[in-house]
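# Analysis of the macromolecular model
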Amino acid sequence: MRRLSLIRELPVVAAILLVPRAASACPVCFGTGDAPILRGSNAGILALLVVTLTVLAAFGAFFRALAKRAGQFTRAENVVVDLASSQSHRGTVAR
Amino acid sequence: MEIPYSVDVRPDTGLNNSKLGIWLFLASELMLFAGLFSTYFLLRIGSTQWPRHALPVGMATLNTGVLICSSITVVIAWSALKTNDWSKHRLYLSLTIALGVVFLLIKRAEYREHIAANELPSLNTFFAIYYTLTAVHALHIVGGLVVMLYFLVTGAKSWAVNPGQFANRIEATCLYWHFTDFTWILLLPLLYLF
């Protein structure tokens, strides 16, 4: 079992080791730390992230509200079912 | 066949279908503009030189006033439906359309000035992003105008058949129109003021 997982992992490990370092260099800044284009890219990414996260948070809040409503409905339904069953039980006992 | 919850509020979401639909559409629109604004930040902060006050602030301010007025008139058009005042609704919807057309005419005059001065999108990245952002926004205004024009022409019949549904459609249009207004208010400082 252990040998099987090693065989599976081997190609991944080999790929990581064999990929040249240059291929993982940033194609925008090529290693220059504080170039304007790098600061521009960061600002662009940040702007996009802020909007995306805001939209995602709004979706999250909406789904949370839906879950809350669903919980309220289920509780209300259970109360109705309990009431109905207790009334029918009372009817059977009286008979 | 009647579509359920086109007028009534859905018990699960607390919204009617048209309102939920328009909010989802506006979320996708927001993502479109977020991509464009992100490009703007990349180009602006990434450039070594960026022209300031290269655009006519007066025209842009006038356009802002026009759009804000149109946002008010479209709300009055919707509230007139809620009070069953059809003629008031038509008047204010027509006014909104007219203000939208005025916005586009001012934008056209602004473009003409730039084109006459040979300030085309190919001149630099500033004008490239300026034309892209304002043209995409203007296209949204055109889209809103087409929808409102459609409601102005065919609205009487829809109102007679199903007033609740028609009022909901106008409300969804209102939300979309406010969104275009909001986008313009973001564009104004980014392109014209700073």
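Residues numbered from 1 in each chain as written. Chains lettered and ligands numbered in written order. Predicted model: local features only at pLDDT ≥ 70, side-chain atom pairs only at ≥ 80, totals over all residues. Heavy atoms only, no water.

## Points about the overall build of chain B
We count it as follows: The numbering of helices and of strands both runs from the N terminus, where a helix is a DSSP run of H or I of at least 4 residues and a strand a run of E of at least 2. Whether a residue is buried, partly exposed or exposed follows from its accessible area with a 1.4 Å probe, protein chains only, as a fraction of its type maximum: under 20%, in between, or over 50%, in that order. In this analysis, two residues are considered to be in contact whenever any of their non-hydrogen atoms come within 4.5 Å of each other. Only the protein chains shown count as cover for residues, and all accessible areas are computed by the Shrake-Rupley method using a 1.4 Å probe. A positive count includes Lys and Arg, and a negative count includes Asp and Glu. His and the chain ends are not counted in either. To locate a charge, take atom NZ for lysine, CZ for arginine, CG for aspartate or CD for glutamate.
A tally of helices and strands in chain B yields 5 helices and 0 strands. Secondary structure elements of chain B occur, N-terminal to C-terminal, as α-α-α-α-α. In terms of principal-axis extent, the alpha carbons of chain B reach across some 60 × 35 × 25 Å. Going through the 194 residues of chain B one by one, you find that 42% of them count as buried. A separation threshold of at least 6 residues defines the contact pool for chain B, and within that pool the share at least 24 residues apart is 77%. For chain B, the computed accessible surface area is about 9600 Å², with 69% contributed by carbon and sulfur atoms. Separation of charge centres in chain B, based on 12 positive and 10 negative side chains, amounts to 4 Å.

## Quick look at the packing of helix 3 (residues 86-116) of chain B against helix 5 (residues 163-193) of chain B
Residue and element names in this part refer to chain B. Defined as follows: Comment: axis = line fitted to C-alpha atoms, over the contacting stretch for helices; angle = value between 0 and 180 degrees taken between N-to-C directions. Relative orientations are named as follows: roughly parallel for angles under 35 degrees, roughly antiparallel for angles over 145 degrees, roughly perpendicular for angles from 65 to 115 degrees, and oblique for any other angle. Definitions for this section: a left-handed crossing has its near helix turned counterclockwise from the far helix by less than a right angle. A right-handed crossing has that turn clockwise. Residues are grouped as follows: Ala, Val, Leu, Ile, Met, Phe, Trp, Tyr, Cys and Pro are nonpolar; Asp, Glu, Lys and Arg are charged; all remaining types, including Gly, are polar.
Packing of helix 3 against helix 5 leaves a shortest axis separation of 13 Å and a crossing angle of 25°. When the axis of helix 3 is compared with that of helix 5, the two are roughly parallel. Crossing handedness for the pair helix 3 and helix 5: left-handed. Contact residues: helix 3 offers Trp86, His89, Leu93, Thr96, Gly100, Phe103, Lys107 and Glu110, while helix 5 offers Phe166, Ile170, Trp177, Trp184 and Tyr192. Looking at side-chain class alone, the contact of helix 3 with helix 5 contains 8 nonpolar, 3 polar and 2 charged residues.

## Let's talk about the packing of helix 2 (residues 57-82) of chain B against helix 5 of chain B
Residues and elements named next belong to chain B. At a minimum axis separation of 10 Å, helix 2 and helix 5 run at an interaxial angle of 165°. Taken as axis vectors, helix 2 and helix 5 run roughly antiparallel relative to one another. Between helix 2 and helix 5 the crossing geometry is left-handed. Looking at the contact of helix 2 with helix 5 residue by residue, the class counts come to 18 nonpolar, 7 polar and 3 charged.

## Things to note about the confidence of the model for chain B
Short version of the rule: Confidence of the predictor at the level of single residues is captured by pLDDT, which takes values from 0 to 100.
On average, residues of chain B carry a pLDDT of 93, and 100% of them reach 70 or more. Interface predicted TM-score (ipTM) for the complex: 0.77; the corresponding pTM is 0.82.

## Thoughts on the environment of Phe151 of chain B
Residue and element names in this part refer to chain B. Here Phe151 shows up in helix 4 (residues 125-161). For the pair Phe151 and Ile170, spaced 19 residues apart in sequence, the C-alpha to C-alpha distance is 8.0 Å. Sequence-distant contacts of Phe151, defined by excluding residues within four places in its chain, comprise Leu93, Phe166, Arg169, Ile170 and Thr173.

## So, the packing of aromatic side chains
We apply this condition: A pair of aromatic rings is counted whenever rings of Phe, Tyr or Trp (Trp by its six-membered ring) have centres within 6.5 Å, and the orientation is called stacked for planes under 30 degrees apart, edge-to-face for over 60 and tilted otherwise.
Here the structure, examined in full by the defined rule, presents 21 aromatic pairs over all chains. Centre to centre, the rings of Phe62 of chain A and Phe63 of chain A are 6.0 Å apart; their planes meet at 50°, and the pair counts as tilted. Phe62 of chain A gets classed as partly exposed once you look at its relative accessible area, which sits at 23%. Phe63 of chain A sits in the exposed class, given a relative accessible area of 51%. Ring centres of Trp50 of chain B and Phe126 of chain B lie 5.3 Å apart, and the angle between their planes is 90°; this geometry places the pair in the edge-to-face category. Here Phe126 of chain B lies in helix 4 and Trp50 of chain B lies in the loop between helix 1 (17-46) and helix 2, a separation of 76 residues in the sequence. You'll find Trp50 of chain B and Phe126 of chain B in the same group, each marked buried. An aromatic cluster of at least three residues, connected via ring pairs, comprises Tyr40, Phe41, Trp50, Phe103, Tyr111, Phe126, Phe127, Tyr130, Tyr131, Trp184 and Tyr192 of chain B.

## A closer look at the nonpolar core
Residues and elements named next belong to chain B. The test is simple: Remark: nonpolar core denotes a set of buried residues (Ala, Val, Leu, Ile, Met, Phe, Trp, Tyr, Cys) joined through side-chain atoms within 4.5 Å.
With 47 residues, the main nonpolar core has Tyr130, Leu133, Leu191 and Tyr192 as its most contacted residues. Within the residue set of this core, elements represented by two or more residues are helix 1, helix 2, helix 3, helix 4 and helix 5. When residues in this core are grouped by element, the largest group, 14 residues, is from helix 5. The contacts of Tyr130, once residues within four sequence positions are left out, are Leu55, Lys107, Glu110, Tyr111, His114, Leu191 and Tyr192.

## Focus: the interface of chain A and chain B
What counts is decided by this rule: Summed over both partners, buried area is the accessible surface (1.4 Å probe) that two parts give up on being assembled. A side-chain nitrogen of Lys or Arg and a carboxyl oxygen of Asp or Glu constitute a salt bridge if their distance falls within 4 Å. For this analysis, a polar contact is any N or O atom pair within 3.5 Å, provided that within protein one partner can donate a hydrogen and the other can accept it, and provided that sequence-adjacent residues contribute only side-chain to side-chain pairs.
In this assembly, 18 residues from chain A lie in contact with 18 residues from chain B. Here chain A and chain B share an interface that buries about 1400 Å² over both sides, 79% of which is from carbon and sulfur atoms. There are 0 salt bridges connecting chain A and chain B. Run the count over chain A and chain B and you get 2 residue pairs in polar contact (both at pLDDT 80 or more). Split into classes, the residues belonging to the side of chain A that touches chain B amount to 12 nonpolar, 4 polar and 2 charged.

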